[in-house]
Amino acid sequence: AVARGASRAFAGSAMEPGSAPLFETLEASFPTGIMPQGMETALKGRIRKRLRDVGYRVQFGGGEPWEAVIESFSIASLERVHRGYGENPWFWVVSWPSILGAAAADFWPGVGDDLGRRQVAFDAGAAHLEAMLMRRALGDADAKGMLPAPAALGLLAIGQASLPSLPARSFGYNDGLPLALAGA
């Protein structure tokens, strides 16, 4: 599904303001006020570029349903962004499933329908982000309950008790530190 250097029906127009849902979704999903505006703008540009780079490698066809291809894109994109930025507290408070859904809607307008691409990418991104969070917390000696230290710091920075990317999960607080996933 995700391959290098193959031809595909990739629109990839999500790099300019006002041109596509990815740009607007990234603007709306990124927490404001936790870094200088110039740094935030440059970071959003690098994230769009990383998503576009993964999108260029996606191939549809070969008997694989388009939904599986979009899921692979969502997981590969999230892993790529996490490798570069997962140690930063802001990473954990960005609504990645929404951003991945917007990217899928932008990048392949001829595949499935807009809402379907968005939903498949959103669901795959949310499930993979939760798996990453759990994997990271289980292997992190500095984890605060079930949260890796950068995620706990991110929540403290924005003053919330739930990660915007996983709103169905809320975190209990004890002495200002998120301790455990509710219901887990």
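I will try to describe carefully the structure that is included in this document. (Residues numbered from 1 in each chain as written. Predicted model: local features only at pLDDT ≥ 70, side-chain atom pairs only at ≥ 80, totals over all residues. Heavy atoms only, no water.)

## So, the side chain of Lys44
In step 1: Note on placement: Lys44 falls in helix α2 (residues 37-56).
In step 2: By relative accessible area, Lys44 is classed as buried at 3%.
In step 3: Those residues in contact with Lys44, other than ones at most four positions away along the chain, are Leu26, Glu27 and Phe30. (Helix = DSSP H or I, 4+ residues; strand = E, 2+ residues; numbered from the N terminus. Buried < 20%, exposed > 50% of the residue type's maximum accessible area, 1.4 Å probe, protein only. Contact = heavy atoms within 4.5 Å.)

## Some remarks on the nonpolar core
In step 1: Grouped together as the largest cluster of nonpolar side chains are 33 residues, with contacts concentrated most on Phe30, Ile47, Leu51, Trp90, Phe91, Trp96 and Trp108.
In step 2: Those elements that place two or more of their residues in this core are α1 (21-29), α2, α3 (66-85), α4 (96-107) and α5 (114-138).
In step 3: Top contributing element to this core by residue count: α4, with 7 residues. (Core = buried A, V, L, I, M, F, W, Y, C linked by side-chain atoms within 4.5 Å.)

## Looking at the packing of α2 against α4
In step 1: Running from amino to carboxyl end, α2 crosses α4 at an angle of 55°, the nearest separation of the two axes being 11 Å. Taken together, α2 and α4 sit at an angle that is classed as oblique. Between α2 and α4 lies a crossing whose hand is right-handed. Contacts from Ile47, Leu51, Arg52 and Gly55 of α2 reach α4 at Trp96, Ile99, Leu100, Ala103 and Phe107.
In step 2: Grouping the constituent residues of the contact of α2 with α4 by class yields 7 nonpolar, 1 polar and 1 charged. (Axes fitted to C-alpha atoms, helices over the stretch in contact; angles between N-to-C directions. Parallel < 35°, antiparallel > 145°, perpendicular 65-115°, else oblique. Left-handed = near helix turned anticlockwise from the far one by under 90°. Nonpolar A, V, L, I, M, F, W, Y, C, P; charged D, E, K, R; others polar.)

## As for the pattern of salt bridges
In step 1: Summed over all chains, the structure comprises 6 salt bridges.
In step 2: Among the ionic pairs, Lys44 bridges to Glu40, the shortest N-O distance being 2.9 Å. Taken together, the residues Lys44 and Glu40, both in helix α2 and 4 residues apart, mark about one turn of the helix.
In step 3: The exposure class of Glu40 is buried, given its relative accessible area of 2%.
In step 4: Salt-bridge contacts for Asp114 lead to Arg117; the nearest nitrogen and oxygen are separated by 3.5 Å. Taken together, the residues span about one helical turn, with Asp114 and Arg117 both in helix α5 at a distance of 3 residues.
In step 5: By relative accessible area, Asp114 is classed as partly exposed at 40%.
In step 6: Overall, the relative accessible area of 2% leaves Arg117 in the buried class.
In step 7: Within the structure, one salt-bridge network assembled from shared partners comprises Lys49, Arg52, Asp53 and Arg80. (Salt bridge = Lys/Arg side-chain N within 4 Å of Asp/Glu carboxyl O.)

This is a description of form; function is not addressed.
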